[in-house]
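So the chains spell out like this:
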Amino acid sequence: MYAFIWRKLPFGLVGKLTGSVLLVAAAVALLWYVAFPWAEPLLPFDDVQVESGVPAETGGGGDPVTGETPVGEDHELPYDTDQNNPAPSSPSR
């Protein structure tokens, strides 16, 4: 297919290179201004949902309006922090 297009473009090498660039630019413009705007509502890229680890209704302590959690010593994490930080071990030789 590309060889057919290359053979049909006129005006020698310069014309073929210019024609190829124009064909690629036309294809990109067609996709950018016609195909992608048409397909955008069908794609889930804007359907982003960010949720906190513990909902405020279940005792997470967060403000239900702002979603912020209080900072301080009395704030309890819903997971164990020691599990991810094991004690350092000496390298074995």
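Predicted model, so just to flag it, every value in this text is computed and none were measured. (Residues numbered from 1 in each chain as written. Predicted model: local features only at pLDDT ≥ 70, side-chain atom pairs only at ≥ 80, totals over all residues. Heavy atoms only, no water.)

Another aspect to go through is unusual backbone geometry. Positive phi is not limited to glycine here, since phenylalanine 11 has a value of about 75°. Along the chain, the position of phenylalanine 11 falls in the loop between helix H1 (2–8) and helix H2 (12–39). (Helix = DSSP H or I, 4+ residues; strand = E, 2+ residues; numbered from the N terminus.)

Each turn of an α-helix holds 3.6 residues, which means side chains three or four residues apart point in the same direction. Between its first and last C-alpha, H2 extends 38 Å over 28 residues, near the 40 Å set by a 1.5 Å rise per residue. Roughly 35° is the biggest bend found in H2, and it falls at leucine 31. Listing the buried residues of H2 in full gives Gly15, Lys16, Gly19 and Ala39. Taken together, the buried residues of H2 touch H1. (Expected span 1.5 Å × (residues − 1). Bend = angle between axes of the 7 residues up to and from the residue. Buried < 20%, exposed > 50% of the residue type's maximum accessible area, 1.4 Å probe, protein only. Contact = heavy atoms within 4.5 Å.)

Once that is clear, we can look at a nonpolar patch on the surface. A cluster of nonpolar side chains, namely Val24, Val28, Leu30, Leu31, Trp32, Tyr33, Val34 and Phe36, defines an oily patch on the protein surface of about 890 Å² accessible area. Along the chain, tyrosine 33 falls in helix H2. (Patch = residues over 30% accessible without salt bridge, like charges linked within 9 Å, V, L, I, M, F, W, Y side chains within 5 Å. Areas by Shrake-Rupley, 256 points an atom, 1.4 Å probe, with all protein chains shown as cover. Salt bridge = Lys/Arg side-chain N within 4 Å of Asp/Glu carboxyl O.)

Moving on, we get to the side chain of lysine 16. Mapped onto the elements, lysine 16 comes out in helix H2. Salt bridges are absent for the buried lysine 16, whose nearest opposite-charge side chain, glutamate 40, sits at 38 Å. (Lys, Arg positive; Asp, Glu negative; His and termini not counted.)

Next up on the list: the environment of tryptophan 6. When you line up the elements, tryptophan 6 lands in helix H1. Separated by 13 residues in the primary sequence, tryptophan 6 and glycine 19 place their C-alpha atoms 8.9 Å from one another. In contact with tryptophan 6, other than residues within four places in its own chain, are Leu13, Lys16, Leu17 and Ser20.

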